[in-house]
Amino acid sequence: MKILLFFHSRIVNSMLGRILISKDVSCGNCNTLRRFSSSVLEKKAARDKRRREKEIRQLEKLESEPAVKSYAAPTLSNDEYKSTTKLGEKKDTKCPLPQTYSSKYTEAFWYAWWENEGFFKPARRKSGNTFSMVIPPPNVTGKLHLGHALTAALEDVLCRWRRMRGDEVVWVPGCDHAGIATQAVVERLLKSQGTSRHELGRDRFLDEVWKWKDKKEDEIYDQLRMLGASLDWSRRNFTLDDGFSRAVQEAFIRLHENGTIYRKESLVNWSCQLQSTISDIEIDNKVVSQPTYLAVPGYKRKIEFGVMHSFDYPLQTAIQGIESITVSTTRIETMLGDTAIAVHPEDPRYRDLIGSRVCHPLIEGLTLPIIGDSYANPSLGTGAVKITPAHDFNDFEVGYRNEIPIKNILDDQGNIFECGNPAFEGMPRFEARKSIIESLQNMGLYRGKEQHEMTLPVCSRSGDVVEPRIKTQWFLRIRELADKAIDAVKHGEVQLVPDFHAAAWNNWLTESGDWCISRQLWWGHRIPAYTVTNQVGKSQWISAHNEEEVLHKARQHFSNTDTLSVAQDEDVLDTWFSSALFPFASFGWPDTSDSLKRFYPLSVMETGHDLLFFWVARMVMIGIALTNQVPFKKVYMHTMVRDSQGRKMSKSLGNVIDPLQVTHGCPPDELDEIIRQSNLPEKEEKFALKDRMKTLPNGIPECGTDALRFYLCFNKNTGKDISLDMKGVMQYRFFSNKIWNVFKFLERHVPKQDAHIVREEEHLRSVDKWILSRLSDTVTTVNASLDEFNFSIAAMTLYRFFIHDFADFYLESCKPIFNSIDDIDVRQRHAVQQNFEAVFETFIRLLSPFMPYISEELWQRLPNNCGDAKSVMVASYPVAEQLDRRNLKLESCMDTVRNVIQIIRKIRQIYRVPYA
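Along every chain, residues carry numbers that run from 1 in the direction the sequence is written. Restriction of local features to residues with pLDDT of at least 70 applies here, the model being predicted, together with a cutoff of 80 or more for giving and counting side-chain atom pairs; totals for whole chains, interfaces and linings are based on all residues. Computation of side-chain values: all heavy atoms of the structure, hydrogens and water removed.

Along the backbone of the protein there are 30 helices and 29 strands. Within the protein, the proportion of its 916 residues that are buried is 55%. The long-range fraction of contacts in the protein, counting pairs at least 24 apart against all pairs at least 6 apart in sequence, stands at 77%. Element-wise, carbon and sulfur atoms account for 49% of the exposed surface of the protein, whose accessible area totals about 41000 Å². Secondary structure elements follow DSSP: runs of H or I of four or more residues count as helices, runs of E of two or more count as strands, with numbering from the N terminus. Buried, partly exposed and exposed residues are distinguished by accessible area as a fraction of the type maximum, computed with a 1.4 Å probe on protein chains only: under 20%, between the cut-offs, and over 50%, respectively. Pairs of residues are marked as contacts when any of their non-hydrogen atoms sit within 4.5 Å. The Shrake-Rupley method, run with a 1.4 Å probe sphere, supplies the accessible areas, and residue values consider only the shown protein chains as cover.

In plain words, nonpolar cores are sets of buried Ala, Val, Leu, Ile, Met, Phe, Trp, Tyr and Cys residues tied together by side-chain atoms within 4.5 Å. Among the nonpolar cores identified, the biggest contains 127 residues, and Phe735, Phe836, Phe840 and Phe850 are the most heavily contacted of them. Tallying contributions element by element places helix H27 (residues 791-819) first for this core, with 16 residues. Excluding residues within four positions of it along the chain, Phe735 makes contact with Phe710, Tyr799, Phe802, Ile803, Phe843, Leu847 and Met851. Core analysis: the next-biggest nonpolar cluster, separate from the first, contains 59 residues, Phe252, Phe587, Trp589 and Val630 among them.

Turning our attention to the sheet that holds strand S22 (residues 529-533). When DSSP finds two or more bridges between a pair of strands, those strands are recorded as paired. Ordered in space as S23-S22-S24, the three strands form an open sheet in which the pairing is antiparallel. Across the chains shown, the open sheet's two edge strands, defined by having one partner strand only, are strand S23 (539-543) and strand S24 (565-568). Direction aside, neighbouring strands of the sheet carry axes that sit 25° apart on average. Examined bridge by bridge, S22 and S24 share four bridges and lie antiparallel to one another. Among the inter-strand pairings, Thr533 is bridged to a residue of S24, identified as Ser565. Under this scheme, a helix contributes an axis fitted over its contacting stretch, all axes are lines through C-alpha atoms, and angles between N-to-C directions fall in the 0 to 180 degree range.

The next point concerns the pairing of strand S12 (residues 340-343). The alternating pattern of S12 places Ala340 and Ala342 on one face and Ile341 and Val343 on the opposite face, and all of these are buried. Pairing analysis gives four bridges linking S12 to strand S15 (residues 384-387), with the strands arranged antiparallel. Paired with Val343 across the bridge in S15 is Ala384. The pairing of S12 with strand S14 (residues 367-372) spans three bridges and is classified as parallel. Residue pairing for S14: Ala342 is matched across the bridge by Ile371.

Right, let's talk about the sheet that holds strand S26 (residues 602-608) for a bit. An order of S19-S27-S26 is seen for the three strands of this open sheet, with the pairing classed as parallel. A single partner strand is all that each edge strand has here, and the edge strands are strand S19 (495-497) and S26. Each adjacent strand pair in this sheet contributes to an overall mean axis angle of 20°, direction not counted. With six bridges connecting them, S26 and strand S27 (residues 632-638) associate as parallel partners. Counted as the bridge partner of Met605 is Val635 from S27.

Moving on: the packing of helix H25 (residues 726-749) against helix H29 (residues 852-859). The packing of two helices is summarised by the inter-axis angle and the distance between the axes. One way to put it is that H25 packs onto H29 with a least axis distance of 11 Å and a crossing angle of 5°. With respect to their mutual orientation, H25 and H29 come out roughly parallel. Contacts from Ser736, Ile739, Trp740 and Phe743 in H25 reach Ile854, Glu857 and Leu858 in H29. Residues are grouped as follows: Ala, Val, Leu, Ile, Met, Phe, Trp, Tyr, Cys and Pro are nonpolar; Asp, Glu, Lys and Arg are charged; every other residue, Gly included, is polar. Broken down by class, the residue content of the contact of H25 with H29 amounts to five nonpolar, one polar and one charged. Note that the term roughly parallel is reserved for angles under 35 degrees, roughly antiparallel for angles over 145, roughly perpendicular for angles of 65 to 115, and oblique for everything else.

With that settled, the discussion passes to helix H12 (residues 393-402). Regarding H12, the residues found buried are Asp395, Phe396, Val398 and Gly399. Here the buried residues of H12 occupy an arc of 165° about the axis, which is enough to place them on one side. Buried-residue contacts for H12 involve strand S5 (261-271), S14, S15 and strand S18 (467-476). Sitting at the head of H12, Asp392 places a side-chain oxygen 2.9 Å from the backbone nitrogen of Asn394. Positioned one or two residues after H12, Glu403 has a phi angle of 55°, which is positive. By definition, the arc is the one covered by directions from the helix axis to the C-beta atoms. Polar contact is defined as a pair of N or O atoms within 3.5 Å, subject to the rule that within protein one atom must be able to donate a hydrogen and the other to accept it, and that residues adjacent in sequence are counted only when both atoms are side-chain atoms.

Before going further, it helps to examine the pattern of salt bridges. Salt bridges are counted wherever a side-chain nitrogen of Lys or Arg sits within 4 Å of a carboxyl oxygen of Asp or Glu. Inspection of every chain in the model, using the stated rule, returns 46 salt bridges. Close ionic contact of Arg429 with Glu467 constitutes a salt bridge, the shortest N to O distance being 2.8 Å. Taken together, the residues Arg429 in helix H13 (residues 429-442) and Glu467 in strand S18 connect sequence positions 38 residues apart. Note on accessibility: Arg429 and Glu467 belong to one class, buried. Residue Lys484 is joined to Glu480 by a salt bridge in which the shortest nitrogen-to-oxygen separation is 3.6 Å. Of this pair, Lys484 and Glu480 both sit in helix H14 (residues 479-490), four residues apart, which is roughly one turn of the helix. Judged by its relative accessible area of 38%, Lys484 is partly exposed. Take Glu480: its relative accessible area is 56%, and that puts it in the exposed class. Connected via shared salt-bridge partners are Arg331, Arg429, Asp464 and Glu467.

So, about the environment of Asp787. Within the element layout of this structure, Asp787 appears in helix H26 (residues 766-787). Counting along the chain gives 625 residues from Asp787 to Arg162, while the straight-line C-alpha distance between them is 9.8 Å. Excluding anything up to four places from it in sequence, Asp787 contacts Trp161 and Arg162.

This part is about the confidence of the model for the protein. What pLDDT conveys is the predictor's confidence in a given residue, as a value from 0 to 100. Averaged over all residues, the pLDDT of the protein equals 86, while 85% of them reach at least 70. This stretch, residues 25-29, has a pLDDT under 50; its non-local contacts, to residues over four places away or in other chains, come to eight contacts. pLDDT under 50 marks residues 32-38. Its contacts with residues more than four places away, or in other chains, come to 13 contacts.

What follows is about helix H28 (residues 826-847). In an α-helix there are 3.6 residues to a turn, and that puts residues three or four apart on one side. In a regular helix each residue adds 1.5 Å, so 22 residues correspond to 32 Å; H28 covers 31 Å between its end C-alpha atoms and thus fits that length. Buried residues dominate H28, accounting for 18 of its 22 residues. Expected span of a helix, by definition, is 1.5 Å for each gap between consecutive residues, and there is one gap fewer than residues.

Set out below in structure tokens:
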């Protein structure tokens, strides 16, 4: 039986060989072959499953190897290169390539050469178009994580693609000072050293923060370089640099003088842990549906939430036998700041009590009015509600409507102060809660507690429970600017991608209140506003760049004979206010520079969808307010990178991964040491170490930058988060290895040819024309996908073309031509060799934006690379107009041939038929 199958396979192979080598494929023959191959389609799913299982076994074998391996090649190693090659010199591409792929070898030295050659700087090119983009400036709180790597990869793909398409491309780097977050990090560092910012004083503390900033900024920029980000480093920005600070001052002054920024006393969100105001979108609203004890920063014991407390307020004078009124609250500690009791005007239980007064049980001599207000809900609790205007947003509105006094009882640290009862003075707010309940119980006024679902506002920065407090702060009027931002999206001036974000955009901007932009910090842009006071105590707030300018402006408000004193506001601006200027301040605004004229508005703003309100909406509003233009034409918002279990990457979970750990590899003991140095609580540290053992038992293998970038792009499906899978990243290291091996095949079989030799179409086989057809389709799909920000489809198309069409099929069809000595016409061999190299070279240019390092290494070494470009990154990107070779009829016929070959291979595999 095996002998018959052997001869049968020889006959079929001979027939297929003639088909592949022949110049034409008969559709009649294909009809016969199509019937012969019908069973293949039915078994395709099973075959693919077995192939995936095989790949998984290979990956598991690779994963069990040591994470980081030194690479020894017969050519110069990295260490030898460092001793013989100056940084910025072009890498030696004349020496032989190593036999096996190594990211360490391939990715060495190219970036420094690109940067030294000035490829990252904007240059006027053939298209005549400009493409401008700024990086979302990462915070200088620490190193970049894989979410930043996704941002860098997607933006670099766009910039490299546009640059190769002939556009004048500028991509601006920068870092954000991140006021709250950076100050908190440095304060924790000082605490570990036994000191504090208050002991150092403002100037010395800021010196320490600048030292931190310089170190972390350098680390961040090194990471971006290792990721291959083709940023124009001559334009790097830091949001506290002198030029940027001048832009921030100018923005505040203009908006203050035209009334968009104003100052008032209002209720704000206060973080006792940070001792600063925070905005609504820096709050995580945690729903507590039942009695729950939660940890609160600054407290040794957990605090109970999810309950409603009830207690009595005695009436000053009994009415119709009623001696007290019972109120319910989830925040009983704030009863020390109560200034009224509200009931619904139509509630029959309390209608007769409206206008009477109650005695405060814990503050001697204090009486509170009972008012009628529709805010009170008769069906909630007892129907009577305590009003604390200084510590509740709803109560503040009730107090404003009814002219109720405002009484603040919390200091900046969240301790009770000036409440009217010395017994509670200085108590932390949640310690006071316990004492207040005990006091009311002793007086017989406490009526117990019951389960009550509540929404707990938690500071996203500190984990602290946010307290509403009365503060005099600076605000930015939102309504008019928000309407303009809504209209910009509605009329297509700003395009949101994906477009389903438009609904959330409209809802948030419609409901937004004025933006509190002042923060009680030391690190940041100090507000350029001054109080100017004359000798009789009359004061005026004036905004200016310096005191000299202040005094000049002050003469418009005061007499020239007045003696004036000037004091600058101690607060700083919200970080998001300064970062909202990034699209135009990066190009020199408020000066009208050539760069500002050429590159603003930006072509694209690319960022994570979680910054839609924090940053994107504010950039649009501030951009319109200061430049009368939208700051960018399109916004592409990517999703989040999560860990392999789908969890958000968090320092508390110990699952944050530095992208360089993936590119260079990281052994398990080093990962464990990083977790131990993260200052996690003991319980969280144990959990993180246990989780590392489960998810990365052998550490992280060396995958390389190209593999990581391609993985992130390949898995970037619109609207879906990426769950990091190290086996998936390693799969694209195998992809790099496959490209490497195909190039080695090309080196062996495609000699350097005279430039005058022209490929003759009549010597091309059907399979040669077929691969050109497939390449033409690939070029069209990749360009169209990138134009629509569909990175996943573009990467998938490249992968499938190279693996399934070029390497698995076309290369095999070329082997008989390349290996034959006498049987094949020399002209045909030359034509096929040229075709093979031309297709490979075109693919390398297609791949370059995604995998820049291996593309450069191999493109520079092509035997017949006669292009005028010095680098693949400035070579022309393939476009459909230059490669219009699509032939659907030929593709259909060749698909049938491929199916037949799959059948023969399967027969050989099952019956172990030897190859001839």
